[in-house]
Amino acid sequence: MSRIKAHFDKVASDYQKFSARGLWKIIREKEARAVVEMLPEITKSMAALDLGCGAGFYSHIMHQKGIRNITCIDFSEKMLNQIKIPQLRKIQTDIESFHTELKFDIILCAGALEFAAGPEKVFENVSDMLKTGGAFILLYPPKTLFGSFYQQYHWWLHGLSVRLFRKKEIQAYAADAGLNSLRLLRVHPFSEVMMCIK
């Protein structure tokens, strides 16, 4: 985990700039459209949690959609410092450890579960923090040939271990945590979005 944190601390200041151009921009925009498609109807009273928020790409989208009560979780303080949204709550911790008595209408985890050592713990905590009828939206790399390219990219370029997931594995985590997996979108050969409801 320390190697992963060190990597994201290192790239934090340029993360938004690099992700907003070239192939990365195209990939990210398509993933964002899929995530937005999964979002429930937004009201201003909603509370949202962005797990593994990075520099706040999806927090900005939720804020633009009208959500004002957003909590951002990331283990990199330098990543959190990149987020410039008024009245946003930022908490530096990892997504497996974070737990609060607060309840959320939407919990989003986009591109972070693959770095977690214990994905099942993330699902357990999400279930506890999600309001009844709330939505958990997860963007993750599938265990496919193209997913393995994504995995190798992180290993050879950054020395980071990335976990890939089968759809049934994600559904099992969700079911064990008391969540119903309702919808799945294959965004790219190396990314999928799943929506679960409590």
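Among the eleven residues that make up strand β5 (residues 130-140), eight are buried, leaving the element largely enclosed by the rest of the structure. In this sheet, β5 lies alongside strand β4 (residues 104-110) in parallel orientation, the contact comprising six bridges. Looking across to β5, one finds that phenylalanine 104 is bridged to leucine 130. A crossover connection joins β4 to the parallel β5 through helix α5 (residues 119-129); in handedness this β-α-β unit is right-handed. Relative to strand β7 (residues 191-197), β5 is paired through six bridges, and the arrangement is antiparallel. Residue pairing in the sheet places phenylalanine 136 in a bridge with cysteine 196 of β7.

Considering all chains together, one arrives at five aromatic pairs under this definition. Of the aromatic side chains, those joined through ring pairs into one cluster are Phe123, Phe136 and Tyr173. The lysine or arginine in question, arginine 28, covers the ring of phenylalanine 57, its NZ or CZ lying 4.0 Å from the ring centre.

Looking now at the state of the cysteines. Scanning the entire structure with this criterion turns up zero disulfides. Cysteine cysteine 53 is unpaired, with the sulfur of cysteine 72 as its nearest cysteine sulfur at 4.2 Å. Between cysteine 109, a cysteine without a disulfide, and cysteine 53, which holds the nearest cysteine sulfur, the sulfur-to-sulfur distance is 10 Å. The buried category is assigned to cysteine 109, whose relative accessible area is 0%.

Attention shifts here to the sheet that holds β7. One open sheet accounts for seven strands, arranged β3-β2-β1-β4-β5-β7-β6; its pairing is mixed. Looking at strand neighbours, the two that pair on one side only are β3 (89-92) and β6 (180-188), the edges of this open sheet. Direction aside, neighbouring strands of the sheet carry axes that sit 15° apart on average. The sheet contacts of helix α7 (residues 167-176) involve β5, β6 and β7, and relative to β7 the element is tilted by about 25°.

Right, let's talk about the side chain of serine 127 for a bit. Mapped onto the secondary structure, serine 127 falls in helix α5. At 2.5 Å, the side chain of serine 127 and the backbone oxygen of alanine 177 are in polar contact. Excluding residues within four positions of it along the chain, serine 127 makes contact with Ala177, Leu179 and Lys198.

Our next topic: the environment of glutamine 82. Within the secondary structure, glutamine 82 sits in the loop between α4 (77-80) and β3. The exposure class of glutamine 82 is partly exposed, given its relative accessible area of 28%. One polar contact links the side chain of glutamine 82 to the main-chain carbonyl oxygen of lysine 78, over a distance of 3.4 Å.

What counts, and where the lines are drawn
- Residues numbered from 1 in each chain as written.
- Predicted model: local features only at pLDDT ≥ 70, side-chain atom pairs only at ≥ 80, totals over all residues.
- Heavy atoms only, no water.
- Buried < 20%, exposed > 50% of the residue type's maximum accessible area, 1.4 Å probe, protein only.
- Helix = DSSP H or I, 4+ residues; strand = E, 2+ residues; numbered from the N terminus.
- Pairing = 2+ DSSP bridges.
- Right-handed = clockwise from strand over helix to strand, strands pointing away.
- Phe/Tyr/Trp six-rings, centres within 6.5 Å; stacked < 30°, edge-to-face > 60°.
- Lys NZ or Arg CZ within 6 Å of the ring centre and 35° of its normal.
- Disulfide = S-S within 2.5 Å.
- Axes fitted to C-alpha atoms, helices over the stretch in contact; angles between N-to-C directions.
- Contact = heavy atoms within 4.5 Å.
- Polar contact = N/O pair within 3.5 Å; in protein donor to acceptor, adjacent residues only side chain to side chain.

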